[in-house]
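Each chain, letter by letter, is given below.
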Amino acid sequence: MPAHRRKRAARSAGTPGAGTREALRAVCSRNFAVITLVNFLVMVVYYLIFVTITAYARATFHLSLSLSGLSSGLLIIGCLAGRFFTGSLLPVLGLRPALFAGLGIFSASIGCFFLSDSAAGLFLQRFVCGTGVGIAGTVTGSLVAWVVPPEHRGFGVSVFSMSTALALALGPFLGILLSGLMPYADRSV
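Residues numbered from 1 in each chain as written. Predicted model: local features only at pLDDT ≥ 70, side-chain atom pairs only at ≥ 80, totals over all residues. Heavy atoms only, no water.

## Looking at helix α3 (residues 30–61)
Counted at 1.5 Å a residue, the expected span for α3 with its 32 residues is 46 Å, and the 44 Å between its end C-alpha atoms agrees. At T52, α3 is bent by approximately 45°, the largest bend along its length. Phi turns positive one or two residues past the end of α3, at H62, with a value near 55°. (Helix = DSSP H or I, 4+ residues; strand = E, 2+ residues; numbered from the N terminus. Expected span 1.5 Å × (residues − 1). Bend = angle between axes of the 7 residues up to and from the residue.)

Written as structure tokens, this is what we have:
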């Protein structure tokens, strides 16, 4: 540890919360903030879609409850597939290209959502969307472990994980709020 950091740590050793403040300063870099924000936004949309897609599939395509549930299940299966394959491809692709690929797949699938005019199209779109989330989630987790200083890795990863926890609270809330404000259109004709 450099001398100036040792002095600062010694000065603040008696101050309550000083260790946490020092860890936050060390962890919260620009790269960390961007990675955490990307993870948060992707996860908010993922959880928003997850809680609303079953009702959407039932109202829009008049699917049975089990087929409507399949649309949510395909989102999760796609996410698992994306995570599974990304882990082995990261050394080949690299972190930045893999992140952009995941975000591109995710964004394109969200755009294609409005083009799905059948249940089969919706199922495919949900699987591809889940794959993009899986890729982006795997890469952001890897990136955050890389940008956080090793001596604060546990603290940094836990702060990063809060972005997913906050998204888990905010995404379903927004999904239910928006589905109450805007009715689903019947596109099965």
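Still more ground to cover, so stick around.
## Structural notes on the packing of helix α4 (residues 65–93) against helix α6 (residues 119–147)
α6 packs onto α4 with a crossing angle of 40° between their chain directions and a minimal axis gap of 6 Å. Helix-helix and strand crossings are classified by hand; for α4 and α6 the assignment is right-handed. Looking at the contact of α4 with α6 residue by residue, the class counts come to 15 nonpolar, 11 polar and two charged. (Axes fitted to C-alpha atoms, helices over the stretch in contact; angles between N-to-C directions. Left-handed = near helix turned anticlockwise from the far one by under 90°. Nonpolar A, V, L, I, M, F, W, Y, C, P; charged D, E, K, R; others polar.)

## Some points on the packing of aromatic side chains
Within this structure, the stated rule accounts for six aromatic pairs. A centroid spacing of 6.4 Å and a plane angle of 25° characterise the contact between Y46 and F50, whose relative ring orientation is stacked. Of this pair, Y46 and F50 are both found in helix α3, four residues apart, which corresponds to roughly one turn of the helix. Relative accessible area serves as the criterion here: at 9%, Y46 is assigned to the buried category. Note on F50: relative accessible area 29%, which makes it partly exposed. Connected via pairs of aromatic rings, a cluster forms that spans Y56, F61, F113 and F114. (Phe/Tyr/Trp six-rings, centres within 6.5 Å; stacked < 30°, edge-to-face > 60°. Buried < 20%, exposed > 50% of the residue type's maximum accessible area, 1.4 Å probe, protein only.)

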